[in-house]
Every structure is written in C-alpha cells, then in structure tokens.
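Observations on chain architecture
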Amino acid sequence: MTEDAISNLANETRHFDPPADFVAKANVTATAYDDAKADRLGYWAKEAERISWATPFTEVLDWTNAPFAKWFVGGTLNASYNCVDRHVEAGNGDKVASHWVGEPADDTRTITYSDLKDEVCRAANAIEELGIEKGDRVAIYLPMIPEAVVAMLACARLGAPHTVVFGGFSADALASRVIDCGAKLIITADGGYRRGAPSALKPTVDEAVAKVEAQQSGLVENVLVVKRTGQDVAFNDDIDIWWHDLVDESSPDHTPEAFDAEHPLYVMYTSGTTGQPKGILHTTGGYLVGVASTHSAVFDVKAETDVYWCTADIGWVTGHSYSVYGPLTNGVTQVMYEGTPDSPHKGRWWEIIQDLKVTKFYTAPTAIRTFMKWGDEIPAKFDLSSLLLLGSVGESINPEAYMWYREHIGGDNCPIVDTWWQTETGQIMISPLPGVTSGKPGSAMKALPGISADVLDDAGESVPNGSGGYLVLTEPWPAMLRTIWGDDERFKKTYWSRFPGMYFAGDGAKKDNDGDIWLMGRVDDVMNVSGHRLSTTEIESALVSHPKVAEAAVVGANDEMTGQAPVAFVILRDSATGDGQGDGGAAVIKELRDHVAKEIGAIAKPKLIMIVPELPKTRSGKIMRRLLRDVAENRAVGDATTLADSSVMDLISAGMNTTKDEE
Ligand code: ATP
Ligand code: MG
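A word on the nonpolar core
- If you look at the biggest cluster of nonpolar residues, it comprises 142 residues, and the most contacted ones within it are Leu-153, Ile-187, Leu-224, Phe-299 and Tyr-325.
- The greatest single-element share of this core, amounting to ten residues, is contributed by helix 6 (residues 146-158).
- Excluding residues within four positions of it along the chain, Leu-153 makes contact with Ser-80, Cys-83, Val-84, Leu-116, Val-120, Val-324, Tyr-325 and Leu-328.

The structure is reproduced here in structure tokens:
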C-alpha cells in the first residue's frame, strides 16, 4: 500500500478532546508517553508492580534469543491468586466481582470476590482430582456462564494451560483444537441460552470426542459437564462427570503454587478470519502485567466505583484479556451476559446498562453497526447516563459508526477508545488514552506508552506522515505471544521474517498528517485497481456513511480490465430495506455507487454491489472477506468452519445469481 491508499478517510477533521473531568482524574497523564520512551523497560518494570509476585523478577526482558522473548525473568507468580485471592486478602471479599445476567429474564447471579475464590478453589481441587497436573492442557467449551471464568482460573491456578473454544464452534473445530494442543480434559455444559431458547453443547462435545478418539485414542480422559439448561444429554459414564457432583463437593481451600513467569497460561486459537487458525501461546507474568496495565490505562479504571462491561465472548482473546485476566487482576466489578443482544428485545444491552449502572463499556463495531441498523429509537428508551467511557475492538470502527456510538450511546460526552490489538499481541497496543489523547472517528491514534509501532513501506522504511504501508511493532512487549503452539518455525515465518527484527502484524495502516495511525484492513485485503492501491476499510466506511447503509463488506475481485475491482456486499438499515426491493435494488445501488465515487473517487466505485441480509462473520463478529472474495470470483466457497452461521454463505451465493447488478 502506498500513497494511493491515502484519501478522504485520514483527512477526517472531526476530533474530540478528552472531557475536562476525565483529564483531571485520569490514571495516566500526558508525560507517560515520553517517560516510557526514555526508559521502556523501566516503564514495564514499574507496571509490573501492579501485580503480586511470589518471587520478584531479576531481569525485565531477555531478548537474546529473539524472537523468543522472556519477560520478568526469575519472577514467579500465580495468575489465579492475582485475580481472586489477593483481593479477598486485601479486605475486598464482599465486593461484587461479577453481575452475571442470564438470557432468560430474572436469571441473575451476583458473585463476590470471596464467592469467586471459593468456587475457583473448588474447581481447582476437582480438576486436580481428575489427574490434571501442571503443564497438562484443558479445553473449555462453555457458554457465557460464571463457570467459564471459574474454569479458566482453576486451570491457571494449577498451571494447566487452557484453550477456550467458542461455544458456537462445530465438533470439527473443537476436535482439531483438542488434538492440536493435546487436551486431556474438556470442560463443557449441557447447553446454554441463545436467542431466547436453550441450545445444546454436549452433543457437539460427544461428536468431537469421537473424532479425537478416532485419531488419537485415549487423549481425552474426562469431560466435566456443567448443568446449565437441564436438557437431556447422553452421558458416557467412563469419561463424563457432572460439575455439580465433583466441584460442589470439593473443598473451597486450595493453596496456589507459584509458577515461573514464562509458564504457559493459555493457548488461544485465532479467530480464523484469514486462514487456518493458529494456536497462540501466552505465558503468565508478562501477559498479566500487559493486560492489567492496559486495562487500567485505556479504560481509566477506578476499581472502587466502576461497573465495567466487556461484551466479548470468553471464546476469543478480548474475553480473556479484558473480561477475565485484566479486570480481575485490577479488582473491578463487572457485568457478564449470557445471551444475544436481541433477546427478549432489541434493547437488552441498554436495559442491562441502565439497571446495573455500567460506567465503562467495551464492544465491537459489528455490534454497533447492528444497533444502527435496528434504529436510534431503541437505545433512546433507556437511561444510559451512567456511562463514562466507550471502547471498540475487532475491526476499524467506521467514522459513521463512531459518531453514532458517541451520540446515541455515549450522550456526546464519553471518550471513545478505538483499541487495535490481536490475539497475538495479548494486550491493547494502539489506542487513545482517554484522559490524554484526542479521539478522531476512525483512527486508533497512537501506540500506548511502552509500545512502539510504525508503518513501513515495501522496502522496510518508515513512511512519512500522510502515507500508508504495513503496520509493525518495533519492540517486544510484555503480553506478546511466545510462539505458535508446537510450531516455532511457523511463528518465526508468520510474524518475524517480513521485516527482520520486527513484528509483522499483517494489517495495512497509514499515518495521517499528525502522525496518528489509521488501520486500513488486512494486508491481504488491500486491492490493486488499475495500479491504484485501495483499502477495503476505506470503501466500506464510505458506504456506511450513506444514510441507507448499516453494514458493508468490500473485496477486490479479479477483473480482466483493471486487474482487481471492488465488489461490495451491503446490508441496508431497517428504515431503508424497502429500497432494496421492487426494482431489485437498482436505484439504491446506483445511489451507493455514486456516493462512493463522491466520497473517495471514481476509481473506488464498486463494479458490483449486492444487497444482502447478512454478512459472513466469525463468532467474534469479524467479516470473513476471504469467503466473499470466493463468491465474487465465482469460486467454490473455501473453509468456512469458523463462521458463526454457515447458512449465511448459502444465502449470499444464492443471491449472487438473482440480484446481480453489474456495471
Ligand atoms: P486470523 O489471524 O486467524 O485471521 P483474526 O486476525 O481475525 O484471525 P484476531 O486476533 O481476533 O483474529 O483479530 C486481530 C485483527 O483484528 C487485527 O489484526 C486487525 O485486523 C483487526 N482489528 C482488531 N482491532 C482493530 C481495530 N481497533 N481497528 C482495526 N482493526 C482491528
Ligand atoms: Mg490475525
């Protein structure tokens, strides 16, 4: 990506300074950037004081065997102790750790830090009784229920790395992850509640266990099953055990062992937006420091008064870093919600914010665009005045979605933190600091203190302000991945070989005239149209800025004339859906094409626009453009196993043959 990718988006002139009361009370002040730059390792050594070490570390970073990092060398700690015991020991046992909200009405649980500690200890004793020892892997396949957090912390307490697999994934996806990391135990539930009805989980696990058994007999020794819905499930007495039979009967006392800072904490498979999932390994000390530090800085956490809610499913990394390890290490009160935002009505999230007086709220652009599509009047019915700060993660937030979020959820006075990071980075890397950095709609702004990011051209030179290229991280950071599970070579090749000595993120980015960073989509998604390099993010944002559009996905499809040409898949807002019918949508499609030409230039005008009811997304809500490219190029659709809803692709492929409107 070069100069051509720079167009209207980064000319965005709207910007929002932090509200004065935020600045006055902010956890991090403006000097943090310079202080950290002057002594990066000193900065992280200081941040490491946030957590409790059993043995202090002797060296902050050992990078002699790069890219294999060792952080906080010689230090020992227990992650679960940091998340629960120490808060109880500090006298905060009665403080609420989790306001858990089930999907069915009135199905709530209030869990204090003492309750959480007891439950984690019981689960640790139970899992130990099943023969799990330090270093053994445990797969967790649970809905968004408190036991999911308890299971993660119990594994961490024993030094048994967990791998959490989305409750929505198929038996194949679960089996391949269990095999890849060699999990001996699977923790699951009979089912969970989603979209107003119980859905089953256990049958998928049974199917997965059979698949694993066929390939690696005896690998899975036990399946621990939480009773959530009470639905009938098959039970194999040789390996299945009810959670309530074992955990509830175990002792609430368990002495945590201190592990080396580099002891594996978990393996998380990436969401699979671009290809075969990779088992990303995170270790204990650096990870905990990285997430506790950034959670405090980016969300300006005030542990005494905040009610914090991150809507991410624990099955993806945001749930790990910013629903479990970061917030619990920081001792905050959180909200956890089991179900979907439209159950039993489309205002469910706003109702939860109103009822529990949520102060800090963190969600994904895909959700925000869905709410835009549903209409402004829905959040307007609720009192959202408790909110102080809003966060966004997972994709670039289109400027239009940012403005909507700011106005309709944030009442025009909450700073918005657009946080760029990855499963691999473990912690937020690029984001405004809410009491320091101004926000610009569509920009993630700056690398956080202690983090160094840059944008490079093809030759590996740092691009000047006003130009685009490849996003890299030029220095190691505490929560960085340590390797790809079982595949050091792939780790080196994927992340450390494109630009020697630097971490290659795989995302395109540009620096605006102030040097602030704009994410432009995956490097693979950048397209070349008649020699001009165009960003998918940019064309999508142009489409979303049209009042009739709720969501858009753009891909570059092969084109005889121009090399590649943009093809757009568009979801209309509910208020505009009539426009997509009748004439097959021809009028609205023309309007949208002209709109893109006006916003970016004729070169970016999509050659084909399809009005679709849904877009293919991963369970974490990211658009899988690779599948859309298959459709746009008339190929059989590739591996779709990580899709949240596989029927979406059938709908889109079918639509392709009926509502084609090509220019
Ligand atoms: P895979 O690596 O398996 O293809 P994935 O990259 O979607 O899956 P994640 O680690 O969950 O898996 O996502 C990280 C990616 O999400 C980033 O590389 C970036 O493309 C995108 N992303 C996350 N946050 C932001 C943000 N604030 N702005 C722009 N892009 C973002
Ligand atoms: Mg990725």
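Past the structure itself, the notes keep going.
Some remarks on the packing of helix 17 (residues 536-544) against helix 18 (residues 586-599)
- The N-to-C vectors of helix 17 and helix 18 enclose an angle of 120°; their axes lie 9 Å apart at closest approach. Classified by the interaxial angle, the pair formed by helix 17 and helix 18 is oblique. As for the relative orientation of helix 17 and helix 18, their crossing is right-handed in sense. Residue-level contacts link Ile-539, Ala-542 and Leu-543 of helix 17 to Leu-592, His-595, Val-596 and Glu-599 of helix 18.
- Looking at side-chain class alone, the contact of helix 17 with helix 18 contains five nonpolar, one polar and one charged residues.

Here we look at empty space enclosed by the protein
- A complete count under the given rule lists three cavities of 30 Å³ or more for this structure.
- The volume enclosed by the largest cavity comes to roughly 50 Å³.
- Lining of the largest cavity is provided by 13 residues; of these, Ala-156, Gly-159, Pro-264, Leu-265 and Thr-284 occupy positions nearest its centre.
- The residue makeup of the lining of the largest cavity, split by class, is nine nonpolar, four polar and no charged.

Structural notes on the sheet that holds strand 19 (residues 389-393)
- Here seven strands make up an open sheet; going across it, the order is 5-4-17-16-18-19-20 and the pairing mixed. On the outer flanks of this sheet lie strand 5 (108-112) and strand 20 (416-419), each paired with one strand and no other. The mean inter-strand angle of the sheet, taken between neighbouring strand axes irrespective of direction, is 15°.
- Where strand 4 (residues 96-101) meets strand 5, five bridges bridge the pair, whose relative direction is antiparallel.

Examining the packing of helix 4 (residues 79-92) against helix 5 (residues 113-129)
- The interhelical angle for the contact between helix 4 and helix 5, taken along N-to-C directions, is 135°, at an axis separation of 9 Å. One finds that helix 4 runs oblique with respect to helix 5. Relative to helix 5, the crossing made by helix 4 is left-handed. Here Ser-80, Cys-83, Val-84, Asp-85, His-87, Val-88 and Asn-92 of helix 4 come into contact with helix 5, specifically with Tyr-113, Ser-114, Leu-116, Lys-117 and Val-120.
- Taken together, the residues of the contact of helix 4 with helix 5 sort by class into six nonpolar, four polar and two charged.

A look at the sheet that holds strand 24 (residues 503-511)
- A sheet is described by the order of its strands in space; here four strands give the open sequence 21-22-24-25, paired in antiparallel fashion. Only two strands of the sheet have a single neighbouring strand rather than two, namely strand 21 (453-456) and strand 25 (517-522). Neighbour to neighbour, the strand axes of the sheet diverge by 45° on average, direction disregarded.
- Strand direction decides the pairing type here: strand 24 and strand 25, joined by five bridges, are antiparallel. Within strand 25, the residue paired with Asp-507 across the bridge is Arg-522.

Side note on the environment of Gly-347
- By secondary structure assignment, the location of Gly-347 is in the loop between strand 17 (333-337) and helix 12 (348-356).
- For Gly-347, a relative accessible area of 3% gives the class buried.
- Once the C-alpha coordinates of Gly-347 and Phe-371 are considered, the two residues, 24 residues apart in sequence, prove to be 9.1 Å apart.
- Ignoring sequence-local partners within four residues, the contact set of Gly-347 consists of Pro-341, Ile-378 and Phe-382.

A look at the side chain of Thr-283
- Of note, Thr-283 is situated in strand 15 (residues 279-283).
- Of the residues examined, Thr-283 reaches a relative accessible area of 3% and is grouped as buried.
- Of the polar contacts made by the side chain of Thr-283, one reaches the side chain of Glu-262; its length is 2.9 Å.
- Reaching out from Thr-283, the side chain makes a polar contact with the side chain of Arg-482 at a distance of 3.3 Å.
- When near neighbours in sequence (up to four residues on either side) are disregarded, Thr-283 contacts Ala-261, Glu-262, His-263, Pro-264, Leu-265 and Arg-482.

Considerations on unusual backbone geometry
- The omega angle of the peptide bond from Ala-66 to Pro-67 is 5°, so this bond is cis rather than trans.
- Within the secondary structure, Pro-67 sits in the loop between strand 1 (59-62) and strand 2 (70-73).
- Omega for the bond connecting Ser-343 with Pro-344 falls within 30 degrees of zero, at 0°, which places this linkage in the cis form.
- Of note, Lys-357 is a non-glycine position whose phi angle comes to about 55°, a positive value.
- Here Lys-357 shows up in the loop between helix 12 and strand 18 (360-363).
- Look at Lys-357 and you get exposed, because its relative accessible area is 55%.
- Phi is positive for Met-445, close to 75°, though the residue is something other than glycine.
- As for its position among the elements, Met-445 is in the loop between strand 20 and strand 21.
- Residue Met-445 is classed as buried on the basis of its relative accessible area of 3%.

Rules behind the numbers
- Residues numbered from 1 in each chain as written.
- Chains lettered and ligands numbered in written order.
- Predicted model: local features only at pLDDT ≥ 70, side-chain atom pairs only at ≥ 80, totals over all residues.
- Heavy atoms only, no water.
- Core = buried A, V, L, I, M, F, W, Y, C linked by side-chain atoms within 4.5 Å.
- Buried < 20%, exposed > 50% of the residue type's maximum accessible area, 1.4 Å probe, protein only.
- Helix = DSSP H or I, 4+ residues; strand = E, 2+ residues; numbered from the N terminus.
- Contact = heavy atoms within 4.5 Å.
- Axes fitted to C-alpha atoms, helices over the stretch in contact; angles between N-to-C directions.
- Parallel < 35°, antiparallel > 145°, perpendicular 65-115°, else oblique.
- Left-handed = near helix turned anticlockwise from the far one by under 90°.
- Nonpolar A, V, L, I, M, F, W, Y, C, P; charged D, E, K, R; others polar.
- 1 Å grid on protein atoms, 1.4 Å probe; cavity = no way out; pocket = protein on both sides within 12 Å on 5 of 7 lines; lining within 4 Å.
- Points joined across faces, edges and corners; volume = space filled by probe spheres on them.
- Pairing = 2+ DSSP bridges.
- Polar contact = N/O pair within 3.5 Å; in protein donor to acceptor, adjacent residues only side chain to side chain.

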